[in-house]
Amino acid sequence: MSSNRLYEHAIFKIRNEHLSKDESVSLAYQRAKLVVRTYRLTAADVEHCSPKFWSMMTDPICSLDIAMFTILAAHVGLTIGTLSRHLKTRPDLRPLVDRLLRFDTVGIYLLTERGHGLDAFNIETTATKTKDGFILHTPREEATKFMPASTPSFGIPKVALVNAKLIVDSQDRGARFFIVPICNEHEMYRGVISTRLPTRSGTNPLDFSITQFNNVQLPPTALVASDITDFAPPKRPLEAWWDEVWRIQLGTMAVPAPWINALKATAFIGGRYSMHRSIIGKVSNTPIISFRTQQWPVLNATAVAMVMDNWFPRSIKFAMTDTTDDRVRHAMSVIVKATVCRHFQRCVPEMAERCGAQGTFEHNYMAKIENDGKGVIIAEGDILTLCIRLFSELLLGRYTVPMPSASNSLLAQHALGLMEENTEILRSLGDHRSESFNSLVLPQSQVVIEAIGHAMAYAAAGEAKIPQPILDIYECSVIRQDPAWYSENVGLNRMAQRRREDAAVKAALPNLNAYLDALRIEDYVSAPIVSDEGWKNYVISLPRHTGNATVEPQQIQHTQAML
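Notes on the structure in this doc start here. (Residues numbered from 1 in each chain as written. Predicted model: local features only at pLDDT ≥ 70, side-chain atom pairs only at ≥ 80, totals over all residues. Heavy atoms only, no water.)

Observations regarding the overall build of the chain
The cut-off we apply is this: Secondary structure elements follow DSSP: runs of H or I no shorter than four residues count as helices, runs of E no shorter than two count as strands, and numbering proceeds from the N terminus. With the radius of gyration taken over C-alpha atoms, the globule rule is written as 2.2 Å times the number of residues to the power 0.38. We call a residue buried when its accessible area falls under 20% of the maximum for its residue type, exposed when it is over 50%, and partly exposed in between, using a 1.4 Å probe and counting protein chains only.
Along the backbone of the chain there are 21 helices and 11 strands. Taken over the C-alpha trace, the chain has a radius of gyration of 26 Å; the compact-globule value for 563 residues is 24 Å, and the two agree within 12%. With the C-alpha coordinates aligned to their principal axes, the bounding extent of the chain is approximately 90 × 75 × 50 Å. For the chain, with 563 residues in total, the buried portion stands at 53%.

Notes on the environment of Thr195
Rule in force here: Whether two residues touch is decided by their heavy atoms; if any such pair falls within 4.5 Å, the residues are in contact.
Along the chain, Thr195 turns up in strand 7 (residues 192-196). Sequence separation between Thr195 and Arg15 is 180 residues; the distance between their C-alpha atoms is 28 Å. Once residues within four sequence positions are removed from consideration, Thr195 is found in contact with Phe208, Ser209 and Ile210.

Some points on the pairing of strand 1 (residues 106-110)
Defined as follows: Strands pair, by our definition, only if DSSP identifies at least two bridges between them.
By the criterion of burial, strand 1 is predominantly enclosed, with five of the five residues buried. The pairing of strand 1 with strand 5 (residues 158-168) spans five bridges and is parallel. Bridge assignment links Tyr109 to a residue of strand 5, and that residue is Leu161.

As for the sheet that holds strand 7
Just so we agree on the cut-off: In this description, a line fitted to the C-alpha atoms serves as the axis of each element, helices being fitted only across the stretch in contact, and the angle between N-to-C directions of two axes falls anywhere from 0 to 180 degrees.
Pairing within the open sheet is antiparallel, and its three strands lie in the order 4-8-7. Because the sheet does not close on itself, it has two edges, and the strands there are strand 4 (145-147) and strand 7. The average undirected angle you get between the axes of adjacent strands in this sheet is 15°. Sheet topology places strand 4 next to strand 8 (residues 209-213); three bridges connect them, and they run antiparallel. Each bridged residue has a counterpart across the sheet, and for Lys145 the counterpart in strand 8 is Thr211.

With respect to unusual backbone geometry
Along the chain, Phe146 connects to Met147 via a cis peptide bond; the corresponding omega equals 15°. Within the secondary structure, Met147 sits in strand 4. Phi at Phe103 is positive, roughly 65°, even though this residue is not glycine. Note that Phe103 resides in the loop between helix 5 (94-102) and strand 1. Residue classification places Phe103 among the buried residues on the basis of a relative accessible area of 1%. Positive phi, close to 55°, is recorded for Arg520, a residue that is not glycine. Looking at the secondary structure, you find Arg520 in the loop between helix 19 (512-518) and helix 20 (532-540).

A look at the nonpolar core
Selection criterion: The set of buried Ala, Val, Leu, Ile, Met, Phe, Trp, Tyr and Cys residues whose side-chain atoms join them within 4.5 Å is what this entry labels a nonpolar core.
Grouped together as the largest cluster of nonpolar side chains are 189 residues, with contacts concentrated most on Tyr29, Ile182, Ile452 and Tyr474. Looking at this core element by element, the count peaks at 15 residues for helix 9 (residues 292-322). Look past the residues within four positions of Tyr474 in its chain and what remains in contact with it is Ala303, Val304, Val307, Met308, His343, Leu411, His454, Ala457 and Tyr458.

Structure (structure tokens):
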């Protein structure tokens, strides 16, 4: 947990549910500025993803405002990150990077286009070389950039890294990034058009936009490259494109971070609420945590949060220092993102539902963070698409990822068993581009990649001596996702699985209070339902309507007549 105590700052005490949409957006930018200035990262910190960089990305404060985290991820991870590796040969970029590091200017990353989505390699935006520099242009509506926040509405200058096809002498020389001023504190720059999109349903709002360019003049120095005179077409266009968007792969690893802390917060909120919320019995009141239907969601969210929280820093270490293969680094990022985010999507709705009507309200965190979580599925790469590519490459043997041995756990047996099963299918088909591969193998992509993540996370938890009851709950949680495999392959029929789960819950429940404390998330939780006192204090802060109107006798008679 961070030691900067940002959770005590007045700006994080403001409750978003009391604000208008634009006030919330403005607050997100103010909070992002505070976080950036608190961490005081250098360009080298960002370029090399130093421990200080990861401390910021994993700070629990980021799970309090996902709009703020979205700003940080694009501003620091993508914009500053992309520019940072050129500073040695491009000292002219230093003033811009310094402004970004101070958050005097906000950086946005304009890669994907409305008509192409994930097929970002085939963008249409052009940057045509002229004797004075470049002309940046959006040729048609389908080529508009979607959906980074490019409006000038919140009093802060913005600059974008725009991915566009470099056109020299009417020839496409490959996609490159260009530095493009978007707006000053008050208005857009000439030729840049920002169309603000409606708010994403049920989320902390941000000024997401559609951005287009109408023959925008750019200087030669706008090209993001170490050598701005090198316009040679790439020998391997796809590899060159991946090199241009190299920060996306690191972003894939970074974006799950807030959702681990959100899982911890969800477990804490649901656990504490379930302990004090009671039903009235004939003899005494019974806390709802007494019921198995409440115990499982709370313990499941707690176990998943503890296991993911332990695994994530180990995964970062492996990706950043233990492997030199960029393909394996990206593979690890995909495995982590898929595993963390799908766990989040399963645990949070279940826990929110078990908090009844209270779980549906914004002030109790879970409903809003569930909706916010839908955005991370596509951020820095759509999970399913990433899994399809990774799974295909693993089956084809292009590289490998470190897997626990089958003897390590049932979860390792599951992951290895699924890999072996699909390898056999591919061998029988002979062609990974066939319709049969598309029908039989590709639909298993995400399931298998998640299974690999489960096995890795469980092994890491065992090495870290995570309490055995937590490991057992986590194991049962994963078994629930593919019960047929465990019945068919390791002899765990439905009743055996049910008894295994019952034993795990009975072992873990007496220590629930200690497990919730071990999450170290209480300081970041503001949901009023965590205690009866907290709820009563919160109600006092809400708008209250009273009056002195009286009901006239004729109104009563009229009502009775209608009834």
